[in-house]
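Structural description and commentary
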Amino acid sequence: MLAKISVAVPKLSGAEKQYVNEALDSTWISSRGPFIERFETAVAEMAGTRHAIACNNGTTSLHLALAAMGLGPGDEVIMPALTYIATANCVRYCGATPVLVDNDPRTFNIDPTAIEAAMTPRTKGIMVVHLYGHAADMGPIMECADRHGVWVLEDAAEAHGARYRDRPVGGIGRCGSFSFFGNKIVTTGEGGAVTTNDDELAARMRLLRSQGMDTKRRYWHPVVGYNYRMTNVTAAIGVAQMERLPEALEKRRAIAAAYTERLESLAERIERPYVAGDCSHAYWMYTIQLRHSFASSRDDVMAKMEMDGIETRPVFYPVNHMPPYFDDKLNVPNAVLCSKRGINLPTHELLSDSDLDRICESLTQALAG
Ligand SMILES: *Cc1c(COP(=O)(O)O)cnc(C)c1O
């Protein structure tokens, strides 16, 4: 019996253990200690921003950014229907309304022309998601946001190190948010961070992250804050992971290239990932789409691969198909199609050439009938 191949496995081959031991030996295991600042510096450098604010996960980091920008009841935020649920949930936490729009069928990312059409006087901002590691089309999106005087929050949870026109994601909008969950490109187990060049917003986020306590007057709380802090032990893992980011991206890109080459013979049955000319893909998940005549067999294909010991994932459901956001009249045909046709193949740094052979052989067999 061949070993099971997982969709995602963290690679902890750097200084993770050494730094965690340093944190333990120092007794600074809670949310103070030198690794937190070192981690924030590394994350800010990745996004090309002046500030990074570390959080305990990528959902709280999104919420922290929205809360600091003052999002509240009656406000609307435009976002893609095709995303992970946390993007929408954070808007709801603020009592505001996510306005879901369609995506580009090739990149899976929010369609800039759909944003323009969804603007209302209640629109406060746009959340873009760099889905599966490919940057959203930030040029026209920033232009549209500026014209309407609204902010842009980049949900870069899946796109550490991805670039748009040579600029790193997370540093293009008013702020960006990263996740460091166990299956992400860079992981701390659980973790998140907000990146921004806005000094005032950064200060506001630091205040809200730590119970809203006044920085000069201890136990004086001028606002309702949260406890969204990261621990020094967690940050120690993150510092080691960030040191490996260039290597991680290189490896992921090599795996993507290997898939693309091996899957050439299936070009009539599947679409391989599209990469826009002005983007560099971070390949959180190498994502294929079954062509129309094969689309109905998507779940069968995944089940057959599972029997060969290969884990895959379906592309996310459109947010408007799920109970808390249900609206089946919403016109998001691309989100519906991508969701039905898409499969995430295993994408992680521990995949060997023979793993890739096995995966591609299994997919080929599954598609053959
Ligand atoms: C993973 C993810 C998040 C949330 O991150 P957690 O760290 O799991 O809370 C948010 N948005 C997107 C698009 C994600 O993929």
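Anything mentioned here points back to the structure above.
Described below are features of the structure shown in this document. (Residues numbered from 1 in each chain as written. Predicted model: local features only at pLDDT ≥ 70, side-chain atom pairs only at ≥ 80, totals over all residues. Heavy atoms only, no water.)

**So, the packing of helix 3 (residues 58-68) against helix 4 (residues 85-93)**
Contact pair helix 3 / helix 4: the axes reach a minimum separation of 9 Å and the direction vectors enclose 40°. As far as their axial angle goes, helix 4 and helix 3 are oblique. By crossing handedness, the relation of helix 3 to helix 4 is classed as right-handed. Every residue of helix 4 that contacts helix 3 at Thr59, Leu62, His63 and Leu66 is listed here: Ala86, Thr87, Cys90, Val91 and Tyr93. (Axes fitted to C-alpha atoms, helices over the stretch in contact; angles between N-to-C directions. Helix = DSSP H or I, 4+ residues; strand = E, 2+ residues; numbered from the N terminus. Parallel < 35°, antiparallel > 145°, perpendicular 65-115°, else oblique. Left-handed = near helix turned anticlockwise from the far one by under 90°. Contact = heavy atoms within 4.5 Å.)

**Section: the sheet that holds strand 8 (residues 175-179)**
Pairing is mixed across the open sheet formed by seven strands, whose spatial order is 1-9-8-5-4-2-3. Each having just a single partner strand, strand 1 (51-55) and strand 3 (97-101) make up the two edges of the open sheet. Looking at each pair of strands side by side, their axes are set apart by 20° on average, direction ignored. In terms of strand pairing, strand 4 (residues 123-129) meets strand 5 (residues 151-155) through five bridges, oriented parallel. Residue Ile126 lies in a different strand from strand 5, and its bridge partner there is Val152. The strands that helix 7 (residues 199-209) touches are strand 1, strand 8 and strand 9 (192-196); relative to strand 1, the one it contacts most, it runs at about 15°. (Pairing = 2+ DSSP bridges.)

**Concerning the pattern of salt bridges**
For side chains of opposite charge, pairing can occur when their charged atoms come near one another. The tally for this structure, following the rule as stated, stands at 19 salt bridges. Between Asp199 and Arg50 there is a salt bridge, and its shortest N-O distance comes to 3.1 Å. Remark: Arg50 occurs in the loop between helix 2 (34-47) and strand 1 and Asp199 occurs in helix 7; sequence separation between them is 149 residues. Judged by relative accessible area, Arg50 falls into the exposed class, the value being 54%. Among the ionic pairs, Glu264 bridges to Arg272, the shortest N-O distance being 3.1 Å. Here Glu264 falls in the partly exposed class, since its relative accessible area comes to 48%. Look at the salt bridges and you will find they share partners, linking Lys11, Arg244, Glu247 and Glu349 into a network. (Salt bridge = Lys/Arg side-chain N within 4 Å of Asp/Glu carboxyl O. Buried < 20%, exposed > 50% of the residue type's maximum accessible area, 1.4 Å probe, protein only.)

**Section: the sheet that holds strand 11 (residues 279-280)**
Read from one edge to the other, the open sheet built from three strands follows the order 7-6-11, with strand pairing classed as antiparallel. For this open sheet the edge positions go to strand 7 (167-168) and strand 11, each flanked by a neighbour on one side alone. Of the strand pairs in this sheet, strand 6 (residues 163-164) and strand 11 are connected by two bridges, and their pairing is antiparallel. Bridge pairing links Tyr164 to Cys279 in strand 11.

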